[in-house]
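Given next are the chains, with one letter for each unit.
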Amino acid sequence: MRTFRLVIACPDRVGIVAKVSNFLATYNGWITEASHHSDNQSGWFFMRHEIRADSLPFDLDGFRQAFSPIAREFSMEWRVTDSAQKKRVVLMASRESHCLADLLHRWHSDELDCDIPCVISNHDDLRSMVEWHAIPYFHVPVNSQDKQPAFDEVARLVKSHAADVIVLARYMQILPAPLCAEFSQRVINIHHSFLPSFVGAKPYHQASLRGVKLIGATSHYVTEELDAGPIIEQDVVRVSHRDSIEEMVRLGKDVEKMVLSRGLRYHLEDRVLVHDNKTVVFD
């Protein structure tokens with residue numbers, strides 16, 4: 001069913017829900033899902049509504065025009081999107097295939113409602129898997145002595161394919177600050193939960209030697225500060241002294257796949273609201 005997704009963040013005050021609800025009722029808007037959250041710490045209010053598109057007398061531009069006076073009255077940061085307009089997701093990966101393969105499978109089986117115009121990688125290892133899905137694969141090697149030309153090409157590819165969101169599916173390079181800024185809150189990354197305790201090479205080996213009992217993963221928006229962007233989704237799985245390092249790696253990959261796919265799905269469905277460096281996720 002085609003819906004319009006209305007997402008709002010604004011300073012909290014009396015009457016916000018009533019005003020929005022009255023607006024929708026005035027135009028016979030049929031609400032199929034409603035979520036609200038009042039953050040006492042920040043003093044902000046967050047809202048997400050899904051409205052049946054066929055119940056409204058106007059298109060997306062008409063909705064924006066009609067709703068704008070209310071948005072101004074309440075100093076809202078807001079957007080409205082059409083579920084029929086699929087977001088364009090550019091995937092980036094290096095050599096590890098588990099996250100990329102999982103996202104491609106979910107897209108291929110219609111679990112992720114998006115378009116994937118291309119995959120970009122700094123290695124050529126995953127080309128055959130990507131091209132089996134009839135998706136263009138761009139190999140952009142990164143010279144460790146001079147990375148800028150590679151990232152200039154990455155930026156060109158992302159823009160030429162009209163990306164709405166970039167997903168780093170175990171892409172093992174740090175994106176430059178200008179690209180992070182240009183695609184603020186539109187680049188999603190995944191990392192294991194051992195940071196910052198176990199940095200550098202072989203984190204699972206380090207964790208095993210310390211006898212960790214939980215393995216987890218975090219998906220988050222990318223910012224200029226490495227692995228410090230607003231968190232979208234997290235999960236954990238228990239391990240014990242009986243688990244080998246190889247078993248821990250396998251479990252870690254499983255949780256990474258799940259967390260990344262959930263984080264992307266929440267973004268695609270406009271369920272993530274960011275305020276400062278914190279997210280509200282209406283799952």
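Worth saying up front: this structure is predicted, and the values here are computed from it rather than measured. (Residues numbered from 1 in each chain as written. Predicted model: local features only at pLDDT ≥ 70, side-chain atom pairs only at ≥ 80, totals over all residues. Heavy atoms only, no water.)

Colleague: Which residues make up the UniProt feature "domain: ACT" (unreviewed entry) in the protein chain, and what values go with them?
Modeller: When the UniProt feature table is mapped to this numbering, "domain: ACT" (unreviewed entry) covers residues 5–85. Structurally, residues 5–85 comprises 31% helix and 38% strand, and the distance from its first C-alpha atom to its last is 11 Å. (UniProt positions renumbered as here; feature names shortened; annotations may be inferred. Helix = DSSP H or I, 4+ residues; strand = E, 2+ residues; numbered from the N terminus.)

Colleague: Would you mind going over the packing of aromatic side chains in detail, with residue names and values included?
Modeller: Tallying each qualifying case throughout the model produces 8 aromatic pairs. Where Phe58 meets Phe63, the ring centres are 5.8 Å apart and the plane angle is 90 degrees; that geometry is what we call edge-to-face. Taking relative accessible area as the criterion, Phe58 reaches 17% and is therefore assigned buried. A residue is classified by how much of its surface remains accessible, and Phe63, at 0% relative accessible area, is buried. Between the NZ or CZ atom of Arg52 and the centre of the ring of Trp30, over which it lies, the distance is 4.2 Å. (Phe/Tyr/Trp six-rings, centres within 6.5 Å; stacked < 30°, edge-to-face > 60°. Buried < 20%, exposed > 50% of the residue type's maximum accessible area, 1.4 Å probe, protein only. Lys NZ or Arg CZ within 6 Å of the ring centre and 35° of its normal.)

Colleague: Break down helix α1 (residues 16–26) for me, citing the residues and quoting the values.
Modeller: When we look at burial in α1, the residues that qualify are Ile16, Val20, Phe23 and Leu24. Looking straight down α1, one finds that the buried residues subtend no more than 95 degrees of arc, so they occupy a single side. Projecting away from the buried face of α1 at angles above 90 degrees are the exposed residues Ala18, Asn22, Ala25 and Thr26. Downstream of α1 by one or two residues, Asn28 has phi in the positive range, about 65 degrees. (Arc of directions from axis to C-beta.)

Colleague: How would you explain the side chain of His220 if you had to name every residue and give the values?
Modeller: On the secondary structure map, His220 appears in strand β11 (residues 214–221). Owing to a relative accessible area of 2%, His220 belongs among the buried residues under this scheme. In contact with His220, not counting residues within four places along its chain, are Val187, Ile188, Asn189, His191, Asp227, Gly229, Pro230, Ile231 and Ile232. (Contact = heavy atoms within 4.5 Å.)

Colleague: Account for the environment of Glu256, naming residues and giving values.
Modeller: Locating Glu256 in the fold gives a position in helix α8 (residues 245–268). Residue classification places Glu256 among the buried residues on the basis of a relative accessible area of 2%. Remark: the alpha-carbon pair of Glu256 and Leu56, spanning 200 residues in sequence, is separated by 40 Å. Aside from chain neighbours lying at most four places away, what touches Glu256 is His98, Cys99, Arg170, Ile190, His192, Tyr204 and Ala217.

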